[in-house]
Amino acid sequence: MDRKTKEAIRYLGYGKNAVDADTKRLISDSFRELDQVAEQRMVYRIFELQETDGQITIGSLLIESKALKKNMKGCEKALMLGATLGAEVDRLLRKYELTDMAKAVVLQACAAAMLEEYLDTRQEELKEDLGREGWYLRPRFSPGYGDFDIRHQKLVLRMLESEKKIGLMATDSCMLIPTKSVTAVIGLSKTPISCHRQGCEACDKTDCTYRRATS
């Protein structure tokens, strides 16, 4: 079983429970349909990073977040990114929400796993490219994680000009459109560190149903 499928199963909340044959088939079918319609795109920019009085300034964006500050400790720059699977994935989800709710639930999980895999792949590429310039990358950190206020999401998108470049925008309530999208910040440091944790590994909520196995 590949990592993407394992992630989809985790998003479905199975934990350590066995997955039945029908669900496995739905997962396989969902990934096949997503491959046909997804338009994976990403935009990013690198900004200077400053820390003053417990606050972090990335470009012109002032952020108060102890969690982000900890993640960015020792960094000189920050890479802001926006990524999406595109509007056709949203249309596919809406289709099944009207016709087959079981399939819609599985499709949601598979789309989330696909987006995560895409981001991991792109981050590895960035790690290689920026590594040639002497930069080391920290784990991705998104608005909405910990005390990093989700309201920063709209400002991040504005700084990236993401609507113009990849069609990614946010509603007044800071929900992303298309829905299968993400924004994130990655710290850049000239010093290597050992804490390349991300996702569940960086979260203190150990009783979460969707937690990835970390041991």
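Predicted model only: the values in this text are computed from it and were never measured.

Further remarks concern the packing of aromatic side chains. For the structure shown, the criterion picks out 2 aromatic pairs. Considering the side-chain rings of phenylalanine 141 and tyrosine 145, the 5.6 Å spacing of their centres and the 75° angle between planes classify their relative orientation as edge-to-face. Counting every residue linked through ring pairs, the aromatic cluster contains Phe141, Tyr145 and Phe148. Directly above the ring of tyrosine 11 sits arginine 10, whose terminal nitrogen or CZ lies 4.8 Å from the centroid. In this arrangement the basic side chain of lysine 190 is found over the ring face of tryptophan 135, its NZ or CZ atom lying 4.2 Å from the centre.

Okay, the nonpolar core next. In this structure, Phe31, Leu34 and Leu81 are the most contacted members of the largest nonpolar core, which totals 34 residues. Of all elements in the fold, only α1 (3–11), α2 (21–37), β4 (77–84), α4 (87–99), α5 (101–131) and β8 (181–189) reach the threshold of two or more residues within this core. Setting aside residues up to four positions removed in sequence, leucine 34 forms contacts with Val89, Leu92, Leu107, Cys110, Ala111 and Met114. Listed in part, the 23 residues of the second largest apolar core include Phe47, Ile63, Ala78 and Ala170.

Here we come to the side chain of glutamine 153. Considering the arrangement of structural elements, one finds glutamine 153 in helix α6 (residues 152–160). Not counting the four nearest positions on each side in its chain, glutamine 153 is found in contact with Pro143, Cys174, Leu176 and Thr183.

Reading the values: the criteria
Residues numbered from 1 in each chain as written. Predicted model: local features only at pLDDT ≥ 70, side-chain atom pairs only at ≥ 80, totals over all residues. Heavy atoms only, no water. Phe/Tyr/Trp six-rings, centres within 6.5 Å; stacked < 30°, edge-to-face > 60°. Lys NZ or Arg CZ within 6 Å of the ring centre and 35° of its normal. Core = buried A, V, L, I, M, F, W, Y, C linked by side-chain atoms within 4.5 Å. Buried < 20%, exposed > 50% of the residue type's maximum accessible area, 1.4 Å probe, protein only. Helix = DSSP H or I, 4+ residues; strand = E, 2+ residues; numbered from the N terminus. Contact = heavy atoms within 4.5 Å.

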